[in-house]
Amino acid sequence: MQLLHAPSWPHLSFQTSDRNSKGGLLSLEKCLQSSTANCSFQPQKLERSVWVSHKRNFFSFCATKATSVEAGSSAASSGTAEGDVLKALSQIIDPDFGTDIVTCGFVKDLLIDEASGEVSFRLELTTPACPIKDMFEQQANEVVARLPWVKKVTVTMSAQPAKPIFAGDLPAGLQRISNIVAVSSCKGGVGKSTVAVNLAYTLAGMGARVGVFDADVYGPSLPTMVSPENRLLEMNPEKRTIIPTDYLGVKLVSFGFAGQGRAIMRGPMVSGVIDQLLTTSEWGELDYLVIDMPPGTGDIQLTLCQVVPLTAAVIVTTPQKLAFIDVAKGVRMFSKLKVPCVAVVENMSHFDADGKRYYPFGRGSGSQVVQQFGIPHLFDLPIRPTLSASGDSGTPEVVADPQGEVAQTFQNLGVCVVQQCAKIRQQVSTAVTYDKSIRAIRVKVPDSEEEFLLHPATVRRNDRSAQSVDEWTGEQKLQYGDIPEDIEPEEIRPMGNYAVSITWPDGFSQIAPYDQLQMIERLVDVPQPTAVQS
């Protein structure tokens with residue numbers, strides 16, 4: 001993917017890691033264009049925040065369907081003993097998907113010593129922020145310990161390395177980020193940045209590796225809401241990458257940390273700056289990157305949605321009808337771009353006084369968004385002076401008061417985001433697969449209960465790219481006989497939440513949107529399964 005570079009950004013400056021360099025500043029344009037710039041780079045040491053490390057008793061589950069069980073080898077283990085252990089572990093059910101943890105593929109490195117009665121294994125979840133990982137560990141210990149021959153059980157908990165489902169199609173800076181979550185509202189001043197920052201620190205407190213990207217170039221909020229020691233982004237001129245700053249273990253990138261605060265520039269240049277800041281930053285391994293979207297549905301928002309594969313979006317609104325009208329535009333934008341909206345946060349919803357609850361701005365905007373667009377979860381944030389003050393002081397509310405009512409609401413929102421992102425990843429990763437045993441492509445589009453089969457040759461013949469159809473005349477260049485009847489796909493990879501990329505034996509890579517697959521002629525007579533050669 002070719003990156004868009006702004007033609008000239010004389011006002012953008014980044015701090016180099018060479019503290020002895022003159023002035024300590026180096027322009028971004030100079031660093032990007034000069035391969036001989038003498039700027040050294042030393043990675044910053046990240047310190048994991050512990051402000052809510054004691055909050056481990058959550059009440060929802062986030063794991064997605066993983067790979068098959070990998071049982072470790074042991075000279076003393078037998079098939080019967082291994083079967084007993086796996087059968088015992090299969091009693092533990094994923095409460096969201098209704099599938100046991102063995103089928104989900106969470107059980108790894110199974111080692112059995114029947115002589116001593118010792119059993120050890122690892123439960124690998126897809127995110128370290130899984131809300132009920134402690135419950136899983138306890139249940140796994142209990143069910144295996146009940147086996148009559150077992151005397152000792154050792155359970156190790158782990159999480160898969162952060163990696164998106166479609167890493168090969170992303171810029172290098174984003175290839176080790178599992179989930180990208182947009183916090184959006186078309187209406188300005190509704191508290192979107194407050195929600196984005198507090199959600200990010202809530203996820204970090206749950207054990208996840210998190211980053212925040214402030215996408216508002218005209219009025220960046222992140223420098224006000226957090227207080228990193230180093231308030232200037234660093235530049236690695238050799239790699240031509242940006243080193244995010246850090247606050248309490250969360251990686252941060254904002255135009256406000258580029259040395260000039262707010263931008264005065266035209267839209268196309270802003271899109272280039274946003275693209276550059278986001279895709280060339282060294283985010284490293286992240287479980288969640290929270291993007292604080294700017295208000296509106298214009299060029300910047302579309303650029304963000306097209307450059308990065310957003311996993312999900314959180315919508316922020318206020319109780320007024322005017323807010324609903326604007327927010328509805330944003331929800332429709334995400335719908336057209338195939339980005340699922342997983343939660344609505346109604347900010348400034350109410351306040352309590354004299355034992356009563358008051359709603360000064362009315363009621364119903366958040367509920368109306370949920371009802372009209374089918375968004376599954378609604379969260380209310382009260383009017384609290386401390387919430388506003390924490391945003392101005394540089395310390396997020398969930399850090400300043402981790403036991404408060406606001407922190408609890410964000411805790412619930414964080415659990416919801418983790419859970420919904422896991423469901424979306426599971427649906428996307430299994431939406432289109434090739435079944436070798438029946439030589440057919442299985443399709444189950446996300447948010448649909450219907451599963452159907454397609455013949456591989458039919459899918460290949462229905463390619464609508466310029467190589468198959470003349471863009472000017474609409475004439476079909478790919479003929480029916482050009483595709484052999486027994487053709488099989490070599491690889492099927494998700495592309496965002498809307499399509500898959502299918503690689504064929506002739507080297508052709510076909511982009512197949514879900515909408516198009518649903519229109520193709522389907523297999524009615526299911527082929528008989530055949531033996532699959534390994």
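All residue numbers here refer to positions counted from 1 along the written sequence of the relevant chain. For a predicted model such as this one, the threshold for reporting local features is a pLDDT of at least 70, and the threshold for listing and counting side-chain atom pairs is 80 or more; totals across whole chains, interfaces and linings nevertheless cover every residue. Each side-chain value is derived from all of the structure's non-hydrogen atoms; neither hydrogens nor water enter the calculation.

- The name given to the chain in an unreviewed UniProt entry is Fe-S cluster assembly factor HCF101, chloroplastic, with Gossypium darwinii as the source organism.
- UniProt positions are given in the numbering used here, feature names are shortened, and annotations may be inferred rather than shown by experiment. As stated in UniProt under Cofactor (unreviewed entry), the record for the chain gives "[4Fe-4S] cluster".
- What UniProt states about the chain under its Sequence similarities (unreviewed entry) heading is, verbatim, "Belongs to the Mrp/NBP35 ATP-binding proteins family."

**Structural notes on the overall build of the chain**
1) Next: In this description a helix means any DSSP run of H or I spanning at least four residues, a strand means any run of E spanning at least two, and both kinds are numbered starting from the N terminus. Summing up its helical and strand segments, the chain has 15 helices and 23 strands in all.
2) Next: The burial tally for the chain puts 53% of its 534 residues in the buried class.
3) Next: Contacts are assigned to residue pairs that have any heavy atoms within 4.5 Å of one another. Contacts in the chain between residues at least 24 apart in sequence constitute 72% of all its contacts with a sequence separation of at least 6.
4) Next: Carbon and sulfur atoms make up 49% of the accessible area of the chain, which totals about 24,300 Å². Relative accessibility thresholds used throughout: buried, under 20% of the residue-type maximum; exposed, over 50%; partly exposed, between the two (1.4 Å probe, protein chains only). Areas reported here follow the Shrake-Rupley algorithm with a probe of radius 1.4 Å; residue values treat only the protein chains shown as occluding.

**Regarding the sheet that holds strand β3 (residues 107-113)**
1) Next: The mixed open sheet is built from three strands, whose spatial order is β3-β4-β5. Two strands close off the open sheet at either side, each with one partner strand: β3 and β5 (152-159). Across this sheet, the average inter-strand angle for adjacent strands is 10 degrees, counted without regard to direction.
2) Next: Sheet topology places strand β4 (residues 118-125) next to β5; eight bridges connect them, and they run parallel. The residue bridging valine 119 from the neighbouring strand is valine 153, located in β5.
3) Next: Against the sheet, helix α4 (residues 133-145) touches β4 and β5, its axis set at about 155 degrees to β5. Strand pairing is assigned whenever DSSP detects at least two bridges linking the two strands. Lines fitted to C-alpha atoms define the axes, with helix axes restricted to the stretch in contact, and inter-axis angles between N-to-C directions lie between 0 and 180 degrees.

**As for the state of the cysteines**
1) Next: Here, the term disulfide refers to a pair of cysteine sulfur atoms separated by no more than 2.5 Å. Scanning all chains against the criterion turns up zero disulfides.
2) Next: Here cysteine 416 stays unpaired: no disulfide links it, and the sulfur of cysteine 421, its closest cysteine neighbor, is 8.8 Å away.

**Quick look at the packing of aromatic side chains**
1) Next: Two rings from Phe, Tyr or Trp (for Trp, the six-membered ring) form a pair when their centres sit within 6.5 Å of each other. Planes less than 30 degrees apart are called stacked, planes more than 60 degrees apart edge-to-face, and all others tilted. A complete count under the given rule lists two aromatic pairs for this structure.
2) Next: Geometrically, the ring pair formed by tyrosine 201 and tyrosine 247 is edge-to-face, given 6.1 Å between the ring centres and 65 degrees between the ring planes. On the criterion of sequence distance, the pair formed by tyrosine 201 in helix α5 (residues 192-205) and tyrosine 247 in strand β10 (residues 245-247) is long-range, its members being 46 residues apart. When sorted by exposure, tyrosine 201 lands in the same class as tyrosine 247, which is buried.
3) Next: Each ring, one from phenylalanine 351 and one from tyrosine 358, has its centre 5.4 Å from the other, and the planes form 20 degrees; the classification is stacked.
4) Next: Overall, phenylalanine 351 belongs to the partly exposed group, its relative accessible area being 31%.
5) Next: Only when the NZ atom of a Lys or the CZ atom of an Arg is both within 6 Å of the ring centre and within 35 degrees of the ring normal do we say a charge sits over the ring. Against the face of phenylalanine 452 rests arginine 522, its NZ or CZ located 3.8 Å from the ring centre.

**Observations concerning the packing of helix α9 (residues 321-336) against helix α10 (residues 365-373)**
1) Next: Closest axis-to-axis distance for the α9/α10 pair is 10 Å, and the angle between their directions is 35 degrees. Taken as a pair, α9 and α10 cross one another with a handedness that is right-handed. The residues of α10 that touch α9, namely those facing Phe324, Val327, Ala328, Val331 and Arg332, are Ser365, Gln368, Val369, Gln372 and Phe373.
2) Next: For this classification, Asp, Glu, Lys and Arg are treated as charged, while Ala, Val, Leu, Ile, Met, Phe, Trp, Tyr, Cys and Pro are nonpolar and the rest, including Gly, are polar. Residue classes in the contact of α9 with α10 are distributed as six nonpolar, three polar and one charged. Here a crossing is taken to be left-handed if its near helix is turned anticlockwise relative to the far helix by less than a right angle, and right-handed if that turn runs clockwise.

**Quick notes on the pattern of salt bridges**
Between side chains of opposite charge, a pair can form as their charged atoms come close.
1) Next: Think of a salt bridge as a Lys or Arg side-chain nitrogen and an Asp or Glu carboxyl oxygen that are within 4 Å of each other. A full pass over the atoms with the stated rule returns 14 salt bridges.
2) Next: A salt bridge links arginine 209 to glutamate 285; the shortest N-O distance between them is 2.9 Å. With arginine 209 in the loop between α5 and β7 (210-214) and glutamate 285 in the loop between α7 (267-279) and β12 (286-292), this pair connects stretches of sequence that are 76 residues apart.
3) Next: Since its relative accessible area comes to 23%, arginine 209 is described here as partly exposed.
4) Next: The exposure class of glutamate 285 is partly exposed, given its relative accessible area of 30%.

**A word on the nonpolar core**
In a soluble, globular protein the nonpolar side chains are often hidden away together inside.
1) Next: In this text, buried Ala, Val, Leu, Ile, Met, Phe, Trp, Tyr and Cys residues form a nonpolar core when linked through side-chain atoms within 4.5 Å. Counting residues in hydrophobic clusters, the biggest one holds 110 residues, and the most contacted among them are Phe213, Ile291, Phe334 and Leu413.
2) Next: Sorting elements by how many residues they give to this core places helix α13 (residues 405-429) first, with eleven residues.
3) Next: Split by domain, this core shows at least three residues from each of two domains, domain 2 (177-428) and domain 3 (432-519).
4) Next: Contact partners of leucine 413, with chain neighbours within four places excluded, come to Val195, Leu199, Val314, Ala343, Val345 and Phe379.
5) Next: Grouped together as the second largest cluster of nonpolar side chains are 28 residues, Leu110, Leu123, Leu125 and Ala140 included. An automatic or database domain assignment is the source of the domain bounds shown.

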